[in-house]
Amino acid sequence: LYRQMPLLYRPSRAKELTQDESKKNVHETKFLIALARYLILNGYEPEQITILTTYLGQMFEMLYEKKKPNNMLLKDVRVCVLDNYQGNYKLTRNIF
C-alpha cells in the first residue's frame, strides 16, 4: 500500500550564510542531500522525493550540491522553495 509520508527535519544550529539577501546553511544542505540519497538507496524512487526549503539561497545551494558527480542518482529529486510547491500534491516524500 502506497501512502504519502512527509519526513521532517529540524534545522541545525550551524551558521547560516547570506547570499544575495537570502539565507543558506551548508550543513543542512549536505544532511538533506545525504538523506535523499539514503531514501533512494533504500527503495524510494527519486521522483517520489521533494526537498522543500524556505529560502531561495538554500534551494540554489541544494541544486549545486545535487549536481555534483557523486550525486547523480539524485538528478530526478525535486528541490524547490516552499512557495513554489503549493498546489503540487502528487505522491511524494517531502524532506523539510
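Our structure is the block above this text.
I will try to describe carefully the structure that is included in this document. What you see is a predicted model; the values in this text were computed from it and never measured. (Residues numbered from 1 in each chain as written. Predicted model: local features only at pLDDT ≥ 70, side-chain atom pairs only at ≥ 80, totals over all residues. Heavy atoms only, no water.)

### Digging into the nonpolar core
Where a protein is soluble and globular, its nonpolar side chains tend to be buried together.
Working step 1: Membership of the largest hydrophobic core comes to 13 residues, with the highest contact counts inside it found for Ile49, Ile51, Leu74 and Val77.
Working step 2: Elements supplying a minimum of two residues to this core: helix H1 (26-41), strand S3 (49-53), helix H2 (56-66) and strand S4 (78-81).
Working step 3: In this structure Val77 touches Ile40, Pro46, Ile49, Ile51 and Lys66, once residues within four positions along its chain are discounted. (Core = buried A, V, L, I, M, F, W, Y, C linked by side-chain atoms within 4.5 Å. Buried < 20%, exposed > 50% of the residue type's maximum accessible area, 1.4 Å probe, protein only. Helix = DSSP H or I, 4+ residues; strand = E, 2+ residues; numbered from the N terminus. Contact = heavy atoms within 4.5 Å.)

### Let's talk about the side chain of Thr29
Working step 1: You can see Thr29 is positioned in helix H1.
Working step 2: Thr29 gets classed as buried once you look at its relative accessible area, which sits at 0%.
Working step 3: For Thr29, the residues in contact, after removing those within four places along its chain, are Gln58, Glu61, Met62 and Glu65.

### As for the pattern of salt bridges
Working step 1: Taken as a whole, this structure holds three salt bridges when the rule is applied.
Working step 2: A salt bridge links Glu65 to Lys68; its shortest N-O distance comes to 3.2 Å.
Working step 3: The exposure class assigned to Lys68 is partly exposed, which follows from its relative accessible area of 26%. (Salt bridge = Lys/Arg side-chain N within 4 Å of Asp/Glu carboxyl O.)

### Focus: the environment of Ile40
Working step 1: Considering the arrangement of structural elements, one finds Ile40 in helix H1.
Working step 2: Not counting residues up to four positions away in its chain, the partners in contact with Ile40 are Pro46, Ile49, Leu73, Leu74 and Val77.

### Things to note about the pairing of S3
Working step 1: Counting buried residues in S3 gives five out of five residues, a clear majority hidden from the surface.
Working step 2: Side chains Ile49, Ile51 and Thr53 of S3 all project onto a buried face; the interleaved residues Thr50 and Leu52 project onto the opposite face, where all are buried too.
Working step 3: Bridge analysis of S3 against S4 gives four bridges, and the strand direction is parallel. If you follow Ile51 over to S4, its bridge partner there is Val79. (Pairing = 2+ DSSP bridges.)

### Quick word on the environment of Ile33
Working step 1: You can see Ile33 is positioned in helix H1.
Working step 2: Of the residues examined, Ile33 reaches a relative accessible area of 4% and is grouped as buried.
Working step 3: Contacts of Ile33, omitting those with residues within four sequence positions, involve Ile51, Met62, Glu65, Lys66, Asn71 and Leu74.

### Comments concerning H1
Working step 1: Its 16 residues give H1 an end-to-end C-alpha distance of 23 Å, which sits within 8% of 22 Å, the value for a rise of 1.5 Å per residue.
Working step 2: For H1, the capping residue at the N-terminal end is Asn25, with a side-chain oxygen 3.1 Å from the backbone nitrogen of His27.
Working step 3: One or two positions beyond H1, positive phi appears at Gly43, with a value near 110°. (Expected span 1.5 Å × (residues − 1). Polar contact = N/O pair within 3.5 Å; in protein donor to acceptor, adjacent residues only side chain to side chain.)

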